[in-house]
Amino acid sequence: MSHDAADPAVRTAALEALLVEKGLLSTDAIDAVVEHYERDLGPQHGARVVARAWVDPEYRERLLADGTAAVQELGIDGFELNTLVAVENTPGVHNLVVCTLCSCYPWPLLGLPPKWYKDPAYRARAVAEPRAVLREFGVEIGDDVQIRVWDSTSEVRYLVIPRRPEGTEGASEEELAALVSRESMVGTG
Amino acid sequence: MDGIHDLGGMQGFGPVEVEDDEPTFHERWEGRVFGMTGMATLQGLASTSEFRHAIERMDPADYLTTSYYEHWLTALGTLLVEKGAVAGQELEGGAPAGFLRSRPVLGDRAPRPPARGSTASFEVGDRVRVADIHTPGHTRCPRYVRGATGVVEAVRGNDPLPDIGPYKGPVQPVYAVAFDSEALFGPSDDGRWTVMLDLFEDYLEDA
């Protein structure tokens, strides 16, 4: 059926024209949402949280105890962040986040999810063969390390706190934040 | 519903493909769909659960052959017509080749009797089994975990069970439950791991 349906760009333009004509939505309001997500959101906010946890042991404790409150301390809140749980990688534990049913993701911390996170391959395989999936990202996790895969089936969202890179003892919080990748906060990097 | 969206554990999809330096939206229309859906949701068109269900109701063949934001576009068009905000003919009018929509709601289900009476709930450390529920409606209990036994690791708080009625069933505790990979997928030659799911009390039984 999809092959007979109009190009999504054509359907989208037609729907927007119809909703604006009916007075249900305004073009400006749609513009504002798009701009906010393109310009203001992204993994830099999650990276700030991780860097703070690396330099401030008391903040790390608060983050692990109540993720929602701890990120609000840094001014991070919004859609798709009713409850945040932060999970920490250690030498013995590696965490990986997925949403097998849709694509739940902590938008205010990481921005909108990348395509691979939403694709069937990742959603199907992350729970059933996590080591194979991680190898495709260049991450090798030995049998001696426990892998914990978090399937986001409720309104709880997850942030992985990756391990602090070695040799960064003298780095500032800002310098550390620049080292934190989006993938590392999902568990694939 | 046991729909195509319930992908956990499905085999045959091939490698995960990662794109470098990916933009927030690949094409302009994707951002417009996202913005329209955000605004319509804010204005009360549908709850998050209802929107998810509208995607889950897509014909399985359409689901797998259309992109993420096409799922959103399809769900948005479907809900706008179902709620009477626009007529189906109006939607089709601007898109001569057709406007893809989801299939109708098949139904929902009744809450199950409480596993431990009306007030008691599970506690951290309890062994629980996931009930073998097959609802025609929306659920947040994936197929791959049904019938499996796990251990309650944390209590997440209370939320309305989205399986019941208009996506707001009884308010219930949600538990973080740990499952050994072998209990879900059998033995693997690539080690063992733990799968954590947040599950409503209604999905769980004493084990």
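Conventions adopted
Residues numbered from 1 in each chain as written. Chains lettered and ligands numbered in written order. Predicted model: local features only at pLDDT ≥ 70, side-chain atom pairs only at ≥ 80, totals over all residues. Heavy atoms only, no water. Helix = DSSP H or I, 4+ residues; strand = E, 2+ residues; numbered from the N terminus. Buried < 20%, exposed > 50% of the residue type's maximum accessible area, 1.4 Å probe, protein only. Contact = heavy atoms within 4.5 Å. Areas by Shrake-Rupley, 256 points an atom, 1.4 Å probe, with all protein chains shown as cover. Lys, Arg positive; Asp, Glu negative; His and termini not counted. Charge placed at Lys NZ, Arg CZ, Asp CG, Glu CD. Salt bridge = Lys/Arg side-chain N within 4 Å of Asp/Glu carboxyl O. Buried area = accessible area lost by both parts, 1.4 Å probe. Polar contact = N/O pair within 3.5 Å; in protein donor to acceptor, adjacent residues only side chain to side chain. Pairing = 2+ DSSP bridges. Axes fitted to C-alpha atoms, helices over the stretch in contact; angles between N-to-C directions. Expected span 1.5 Å × (residues − 1). Phe/Tyr/Trp six-rings, centres within 6.5 Å; stacked < 30°, edge-to-face > 60°. Lys NZ or Arg CZ within 6 Å of the ring centre and 35° of its normal. Parallel < 35°, antiparallel > 145°, perpendicular 65-115°, else oblique. Left-handed = near helix turned anticlockwise from the far one by under 90°. Nonpolar A, V, L, I, M, F, W, Y, C, P; charged D, E, K, R; others polar. pLDDT = per-residue confidence, 0-100.

Side note on the overall build of chain B
- Across its full length, chain B carries six helices and five strands.
- In chain B, the succession of helices and strands from N to C terminus is α-α-α-α-α-β-β-β-α-β-β.
- By principal-axis analysis of the C-alpha atoms, chain B measures approximately 55 × 45 × 25 Å.
- Taking all 207 residues of chain B together, 53% fall into the buried category.
- Put simply, 64% of the contacts in chain B that link residues at least 6 apart link residues at least 24 apart.
- Summed over all atoms, the accessible surface of chain B reaches about 9000 Å², with 51% contributed by carbon and sulfur.
- Placing the 18 positive and 33 negative side-chain charges of chain B at their respective mean positions leaves the two points 6 Å apart.

A word on the pattern of salt bridges
- Tallied over the entire structure, the rule returns 34 salt bridges over all chains.
- For B:Arg52, the salt bridge goes to A:Glu155, with nearest N and O atoms at 3.0 Å. Note that B:Arg52 is positioned in helix α2 (residues 48-56) and A:Glu155 in the loop between β3 (146-151) and β4 (156-161), a pairing that runs across two chains.
- We classify B:Arg52 as buried; its relative accessible area is 8%.
- Across the salt bridge formed by B:Glu50 and B:Lys83, the nearest N and O atoms sit 2.7 Å from each other.

Examining the interface of chain B and chain A
- Counting residues at the interface gives 70 residues for chain B, matched by 71 residues for chain A.
- Summed over both partners, the interface of chain B with chain A comes to about 6200 Å²; 62% of that surface belongs to carbon and sulfur atoms.
- On the chain B side of the contact with chain A, B:Val16, B:Arg32 and B:Arg140 bury the most area, a combined 11% of that side's loss.
- Put simply, chain B and chain A have 28 residue pairs in polar contact (both at pLDDT 80 or more) between them.

Considering the sheet that holds strand β2 (residues 93-98) of chain A
- The sheet built from seven strands is open, its strands ordered β2(A)-β3(A)-β4(B)-β3(B)-β2(B)-β1(B)-β5(B) with mixed pairing. Each edge of the sheet is formed by a strand with only one pairing partner; in this case those strands are β2 of chain A together with β5 (204-206) of chain B. Ignoring strand direction, the axes of neighbouring strands in this sheet form an average angle of 35 degrees.
- Of the strand pairs in this sheet, strand β3 (residues 171-180) of chain B and strand β4 (residues 194-200) of chain B are connected by seven bridges, and their pairing is antiparallel. Considered in β4(B), the bridge of B:Ala178 is made with B:Met196.

Some words on unusual backbone geometry
All names here are of chain B.
- Positive phi is not limited to glycine here, since Asp 21 has a value of about 50 degrees.
- Mapped onto the elements, Asp 21 comes out in the segment before α1 (28-42).
- For Tyr 167, which is not a glycine, the phi torsion comes out positive at approximately 70 degrees.
- Within the secondary structure, Tyr 167 is located in the loop between β2 (149-160) and β3.

A look at helix α1 (residues 8-21) of chain A
- Taking 1.5 Å per residue, 14 residues should reach 20 Å; α1(A) reaches 20 Å between its end C-alpha atoms and fits that length.
- Three or more residues of α1(A) are buried, namely A:Pro8, A:Arg11, A:Thr12, A:Ala14, A:Leu15, A:Glu16, A:Leu18 and A:Leu19.
- Contacts made by the buried residues of α1(A) are with α2 (27-40) of chain A together with α1, α4 (68-82) and α5 (88-93) of chain B.
- By the N-cap criterion, in which a side-chain oxygen at the helix start approaches the backbone nitrogen of a residue two or three places on, α1(A) is capped by A:Asp7, the distance to A:Ala9 being 2.7 Å.
- With its phi angle positive at about 75 degrees, A:Gly23 sits one or two positions after the end of α1(A).

Let's talk about the packing of aromatic side chains
- In the structure shown here, the tally under the stated rule is 21 aromatic pairs over all chains.
- For the ring pair B:Tyr68 and B:Trp72, a centre distance of 5.6 Å and an interplane angle of 50 degrees mean the geometry is tilted. Of the two residues, B:Tyr68 and B:Trp72 are both situated in helix α4; the distance of four residues between them amounts to about one turn of the helix. In this structure, B:Tyr68 and B:Trp72 share a single accessibility class: buried.
- Taken together, the aromatic side chains of A:Tyr37, A:Trp107, B:Phe25, B:Phe34, B:Phe51, B:Tyr68, B:Tyr69 and B:Trp72 make up a single cluster linked through ring pairs.
- In this structure, A:Arg52 packs its charged tip against the face of A:Tyr59, placed 5.9 Å from the ring centre.

Things to note about the packing of helix α3 (residues 44-55) of chain A against helix α4 (residues 57-65) of chain A
Residue and element names in this part refer to chain A.
- Between α3 and α4, whose axes approach to 5 Å, the crossing angle comes to 125 degrees. Relative to α4, the element α3 lies oblique. Seen from above, α3 lies across α4 with left-handed handedness. Together, Val 49, Arg 52, Ala 53 and Val 55 of α3 and Pro 57, Tyr 59, Arg 60 and Leu 63 of α4 make up the contact between the two elements.
- Considering only residue class, the contact of α3 with α4 consists of six nonpolar, no polar and two charged.

A word on the environment of A:Leu15
- Looking at the secondary structure, you find A:Leu15 in helix α1.
- Accessibility expressed as a relative area gives 1% for A:Leu15, which makes it buried.
- Taking the C-alpha atoms as reference points, A:Leu15 and A:Asn89, 74 residues apart in sequence, are found 45 Å from one another.
- The contacts of A:Leu15, once residues within four sequence positions are left out, are B:Met36, B:Leu73, B:Leu76, B:Leu80, B:Leu91 and B:Phe99.

Observations concerning the confidence of the model for chain B
Residues and elements named next belong to chain B.
- For chain B, the average pLDDT comes to 94, and 98% of its residues sit at 70 or higher.
- Predicted confidence in chain B is weakest over α5, with a mean pLDDT of 90, and strongest over helix α6 (residues 181-185), with 98.
- For this predicted complex, the interface confidence reaches an ipTM of 0.96, while the overall pTM sits at 0.96.

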